[in-house]
Amino acid sequence: MGTSLITKKRIAKAFKQQLAQKSFDKLSVVDIMQEANMRRQTFYNYFLDKYELLDWIFETELQEQVTDNLNYISGLTLLDELLYYIERNQSFYVQLFEIKGQNAFVAYLDGYCQILLEKILREVQSQERVDLEDNYVQFLVSYHAGALLSLIEQGIRQCPCRLCEHYPYLVQVVTRSVREGKGK
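This one's a predicted model, so the numbers in the text were calculated from it and none came from an experiment.

Student: What exactly am I supposed to notice about helix α7 (residues 105-128) here?
Tutor: Two residues of an α-helix separated by three or four positions point the same way, owing to the 3.6 residues in each turn. The terminal C-alpha atoms of α7, which comprises 24 residues, lie 34 Å apart, in line with the 34 Å expected from a rise of 1.5 Å per residue. Where α7 is concerned, the buried positions are Phe105, Leu109, Tyr112, Cys113, Leu116, Leu117, Lys119, Ile120, Leu121, Val124 and Gln125. Just downstream of α7, Arg129 is the residue with a positive phi angle, here 55 degrees.

Student: It is not clear to me how the side chain of Thr42 should be interpreted in this structure. Could you clarify?
Tutor: Inspection of the secondary structure assignment puts Thr42 in helix α3 (residues 40-46). By relative accessible area, which is 14% here, Thr42 ends up buried. Not counting chain neighbours up to four residues away, the residues in contact with Thr42 comprise Thr7, Ile11 and Met33.

Student: Would you explain the packing of aromatic side chains in this entry?
Tutor: Geometrically, a pair of aromatic rings is defined through the distance of the ring centres and the angle of the planes. Counting across every chain of the model gives 10 aromatic pairs. With 5.1 Å between their ring centres and 70 degrees between their planes, Phe24 and Tyr51 make a pair best called edge-to-face. One end of the pair, Phe24, is in the loop between α1 (3-19) and α2 (29-36); the other, Tyr51, is in helix α4 (residues 50-65), with 27 residues separating them in the sequence. Residue class for Tyr51 comes out partly exposed when judged on its relative accessible area of 30%. Relative to Tyr93, the ring of Tyr85 lies with its centre 5.8 Å away and its plane at 70 degrees, an arrangement referred to as edge-to-face. The two residues Tyr85 and Tyr93 agree in class, both being buried. These aromatic residues form a ring-pair network of at least three members: Phe15, Phe24, Tyr51, Tyr85, Phe92 and Tyr93. The ring of Phe92 carries Lys16 above its face, with NZ or CZ at 4.9 Å from the centroid. The cationic tip of Lys50 hangs over the ring face of Phe24; the distance from NZ or CZ to the ring centre is 4.5 Å.

Student: I'm lost on the side chain of Thr60 in this one. Help?
Tutor: Within the fold, Thr60 resides in helix α4. Separated by 2.7 Å, the side chain of Thr60 and the backbone oxygen of Trp56 make a polar contact.

Student: Please explain the packing of α1 against helix α6 (residues 90-97) as it appears in this structure.
Tutor: For any two helices packed against each other, the geometry is given by the interaxial angle and the distance between the axes. At a minimum axis separation of 9 Å, α1 and α6 run at an interaxial angle of 80 degrees. Here α1 is positioned roughly perpendicular relative to α6, judged by the angle of their axes. Facing α1, whose interface residues are Phe15, Lys16 and Leu19, α6 presents Phe92, Gln95 and Leu96. Classifying every residue of the contact of α1 with α6 by side-chain character gives four nonpolar, one polar and one charged.

Rules used throughout
- Residues numbered from 1 in each chain as written.
- Predicted model: local features only at pLDDT ≥ 70, side-chain atom pairs only at ≥ 80, totals over all residues.
- Heavy atoms only, no water.
- Helix = DSSP H or I, 4+ residues; strand = E, 2+ residues; numbered from the N terminus.
- Expected span 1.5 Å × (residues − 1).
- Buried < 20%, exposed > 50% of the residue type's maximum accessible area, 1.4 Å probe, protein only.
- Contact = heavy atoms within 4.5 Å.
- Phe/Tyr/Trp six-rings, centres within 6.5 Å; stacked < 30°, edge-to-face > 60°.
- Lys NZ or Arg CZ within 6 Å of the ring centre and 35° of its normal.
- Polar contact = N/O pair within 3.5 Å; in protein donor to acceptor, adjacent residues only side chain to side chain.
- Axes fitted to C-alpha atoms, helices over the stretch in contact; angles between N-to-C directions.
- Parallel < 35°, antiparallel > 145°, perpendicular 65-115°, else oblique.
- Nonpolar A, V, L, I, M, F, W, Y, C, P; charged D, E, K, R; others polar.

Laid out in structure tokens, this is it:
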């Protein structure tokens, strides 16, 4: 692992530790770098601001959980791992759901949910030997990704253990929507 990646991960870890104590709005670069025991200028060698750091954390962690594994394991296994990962990091993600506006976490997670749901739908389509129109598949991806995002947000705020409880129901609904879409 290169020095710059190690430094970025160290800054990200300090950011997460600070976020457990303060809301994102009240968190400053000075706070993060004091936690990391590094000079403030080092932050700016790697990130423009805390929003860019947040983007990097999303990209890195969710990429490790979802995107990097897209070609190696099934979509349902990826979904299970994503839910488990978010459940394990509940306190961090509760704070992220509070961020509103241009850099909202919800927008990033929605993108990953859509990638994941498209993979799952294509796999179910193949298993069920169902040929669906692309427009219908895109509708299902958007619809189910929105539902998954809502379940994750509710679960993370109320009871993260419920995330994995909902997993079988989500699988049933996705499978049914493919079966019922024959001829569409």
